[in-house]
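Listed here are the chains, written in short residue letters.
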Amino acid sequence: MKKIQMVDLKGQYEAIKDTVKNSIDEVLETSAFINGPYVHQFQKDLESYLDVKHVIPCANGTDALQIAMMGLGLKPGDEVITADFTFAATVEVIALLNLTPVLVDVNEEDFNISIEAIEKAITPKTKAIVPVHLFGQCANMEAIMKLAEKHNLFVIEDNAQAIGASYTFEDGTQKKAGTIGHVAATSFFPSKNLGCYGDGGAIFTNDDKLAHTLRGVVNHGMYERYHHDVVGVNSRLDSIQAAVLGAKLPNLDAYNEARYLAAKKYTEALKECEHVITPSFSDKKEEHVFHQYTLRITNGKRDDLVKYLNENGIPCGVYYPIPLHLQKAYSDNRYNESEFKTTNQLVKEVISLPMHTELDDDQIDFITSKVIEFVNR
Ligand SMILES: *Cc1c(COP(=O)(O)O)cnc(C)c1O
């Protein structure tokens, strides 16, 4: 059996080595390192893949979130609602822009932001909602868009973990994650479902006017050379990363399907297992792209399981071990512990198993056998 890794970038690289090397070589030969043809081509390719009008590439996913919020013209003191159970980047940029983060609880079924909790948190100062499509599955966008419309709020999708996933509306229509809200941010960090070989990110929107604003914000607030109309930032996707992404994008659906199939095998093996709750997902394979495969361990022994798996050569992760509202940087005496029942419980129960495009059956069998062995000890 191959050594088990949390993410196997090397294995994935082997299959696309020639294409990637040729593209990188071409960038080196043309020496168009910034805003070269590969950046433009990747932008176009991603627009058509997502069926979205505008993709604005930038330097990383955190920048993408920040730039999206800058482009919407949010003002200091505006309240922005987001999930308590996510990576800190989301709340970080809200705070950085002097907006007021309002963290709310999530659902225990899909780990995504709770609609009831959003509703309760809306005040006259609320200006935006940032749903995070956690672990590869969309938040309840239909309900979120309805709430946003009712209260006149912007919706900024944090799509760093769900690129390529689809969301199905009640009437059966589907849209790609990141094309439903007013604007979305994604990350091309190497371990993300569409990862480059360094840092990268992008913003998506169907709004022409907003897209124009965002293209200036990423480039020092310039719309005309050396005319700075708004305060901007410097955030660029470089050509070498765009060349890597361009080589990987045609494989994204196959990568996501490989993850889904691995997830199904995990669930098949673990669904009857006592003290283990497998993640909930539908049998529409396009709806979950499994950035992470996350179990809940309900007998209070999650940390012992982490240790046990590690001792058996199986890496695993705890995403996320601390709710954001209990992080020093983001704690606030406005918050009441009773509002965060689910997050407070999930941080003690969750464990993410190895998940990537190169997992084989032997590895999955070995991993699941060790989980079963542990809970039956
Ligand atoms: C990875 C990630 C980000 C940040 O992306 P970077 O490219 O690392 O800046 C933001 N939000 C979520 C949910 C993420 O998983």
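The rules behind these values
- Residues numbered from 1 in each chain as written.
- Predicted model: local features only at pLDDT ≥ 70, side-chain atom pairs only at ≥ 80, totals over all residues.
- Heavy atoms only, no water.
- Phe/Tyr/Trp six-rings, centres within 6.5 Å; stacked < 30°, edge-to-face > 60°.
- Buried < 20%, exposed > 50% of the residue type's maximum accessible area, 1.4 Å probe, protein only.
- UniProt positions renumbered as here; feature names shortened; annotations may be inferred.
- Helix = DSSP H or I, 4+ residues; strand = E, 2+ residues; numbered from the N terminus.
- Contact = heavy atoms within 4.5 Å.
- Domains from an automatic or database assignment.
- Buried area = accessible area lost by both parts, 1.4 Å probe.
- Pairing = 2+ DSSP bridges.
- Axes fitted to C-alpha atoms, helices over the stretch in contact; angles between N-to-C directions.
- Parallel < 35°, antiparallel > 145°, perpendicular 65-115°, else oblique.
- Left-handed = near helix turned anticlockwise from the far one by under 90°.
- Nonpolar A, V, L, I, M, F, W, Y, C, P; charged D, E, K, R; others polar.
- Expected span 1.5 Å × (residues − 1).
- Arc of directions from axis to C-beta.
- Near = heavy atom within 4 Å.
- Polar contact = N/O pair within 3.5 Å; in protein donor to acceptor, adjacent residues only side chain to side chain.
- Areas by Shrake-Rupley, 256 points an atom, 1.4 Å probe, with all protein chains shown as cover.

### Considering the packing of aromatic side chains
Between two aromatic rings, the relevant description is the distance of the centres plus the angle of the planes.
And step 1. Applying the stated criterion across every chain yields a total of 17 aromatic pairs.
And step 2. Consider the rings of Tyr167 and Phe169, whose centres lie 5.0 Å apart with planes at 85°: the pair is edge-to-face.
And step 3. The buried category is assigned to Tyr167, whose relative accessible area is 11%.
And step 4. Judged by relative accessible area, Phe169 falls into the buried class, the value being 16%.
And step 5. Relative to Phe374, the ring of Tyr308 has its centre 5.6 Å away and its plane inclined at 45°; by these criteria the two rings are tilted.

### As for the UniProt feature "active site" (unreviewed entry) in the protein chain
And step 1. UniProt's feature table lists "active site" (unreviewed entry) at Lys192, given in the numbering used throughout.
And step 2. Mapping Lys192 onto the fold places it in the loop between strand 8 (183-187) and strand 9 (201-205).
And step 3. Excluding residues that lie within four positions of it along the chain, Lys192 makes contacts with Ala160, Ser187, Arg259 and His291.

### Description of the domain arrangement of the protein chain
And step 1. Taken as a whole, the protein chain is organised into domain 1 (9-105 + 112-250) and domain 2 (252-376).
And step 2. Using C-alpha coordinates to define each centre, domain 1 is positioned 25 Å away from domain 2.
And step 3. At the junction of the two partners, domain 1 supplies 39 residues and domain 2 supplies 34 residues.
And step 4. When domain 1 packs against domain 2, close to 3100 Å² is buried across both sides, 54% of that on carbon and sulfur atoms.
And step 5. For domain 1, the biggest contributors to the area lost against domain 2 are Phe85, Phe135 and Asn193; these three give 24% of the whole.

### With respect to the sheet that holds strand 12 (residues 276-277)
And step 1. Pairing is antiparallel across the open sheet formed by three strands, whose spatial order is 12-13-14. At either end of the open sheet lies a strand with only one pairing partner, and these are strand 12 and strand 14 (350-353).
And step 2. Of the strand pairs in this sheet, strand 12 and strand 13 (residues 293-297) are connected by two bridges, and their pairing is antiparallel. Its bridge partner being in strand 13, Val276 is matched across the sheet by Ile297.

### Points about the packing of helix 3 (residues 61-71) against helix 7 (residues 208-217)
And step 1. Two numbers describe how helix 3 lies on helix 7: the axes approach to 9 Å, and their chain directions differ by 125°. Our classification of the angle between helix 3 and helix 7 gives oblique. Of the two possible hands of crossing, helix 3 and helix 7 adopt the one that is right-handed. Contacts between helix 3 and helix 7 involve Ile67, Ala68, Met70 and Gly71 on the former and, on the latter, Leu210, Thr213, Leu214 and Val217.
And step 2. Of the residues that constitute the contact of helix 3 with helix 7, the class distribution is six nonpolar, two polar and no charged.

### Here's the deal with the packing of helix 2 (residues 37-50) against helix 8 (residues 239-248)
And step 1. Close contact between helix 2 and helix 8 brings their axes to 8 Å; oriented N to C, the two are set at 40°. Put simply, helix 2 runs oblique to helix 8. Of the two possible hands of crossing, helix 2 and helix 8 adopt the one that is left-handed. Counted together, Tyr38, Val39 and Phe42 of helix 2 and Ser239, Ala242, Ala243, Leu245 and Gly246 of helix 8 form the full contact between these two elements.

### Quick word on helix 9 (residues 252-270)
And step 1. In a regular helix each residue adds 1.5 Å, so 19 residues correspond to 27 Å; helix 9 covers 27 Å between its end C-alpha atoms and thus fits that length.
And step 2. Every buried residue of helix 9 is listed here: Leu252, Tyr255, Asn256, Arg259, Tyr260, Ala262, Ala263, Tyr266, Thr267 and Leu270. Viewed along the axis of helix 9, the buried residues span an arc of 165°, placing them on a single side of the element. More than 90 degrees from the buried face of helix 9, the exposed residues found are Ala254 and Glu268.

### Some words on the site of the ligand
And step 1. All residues adjacent to the ligand are Asn60, Gly61, Thr62, Thr86, Phe87, Ala89, Val132, Asp158, Ala160, Gln161, Ser187 and Lys192.
And step 2. At a separation of 2.8 Å, an oxygen atom of the ligand approaches a polar backbone atom of Gly61.
And step 3. Ser187 is positioned such that a nitrogen or oxygen atom in its side chain is 2.7 Å from an oxygen atom of the ligand.
And step 4. Against a free-state accessible area of 380 Å², the protein chains account for coverage of 91% of the ligand.

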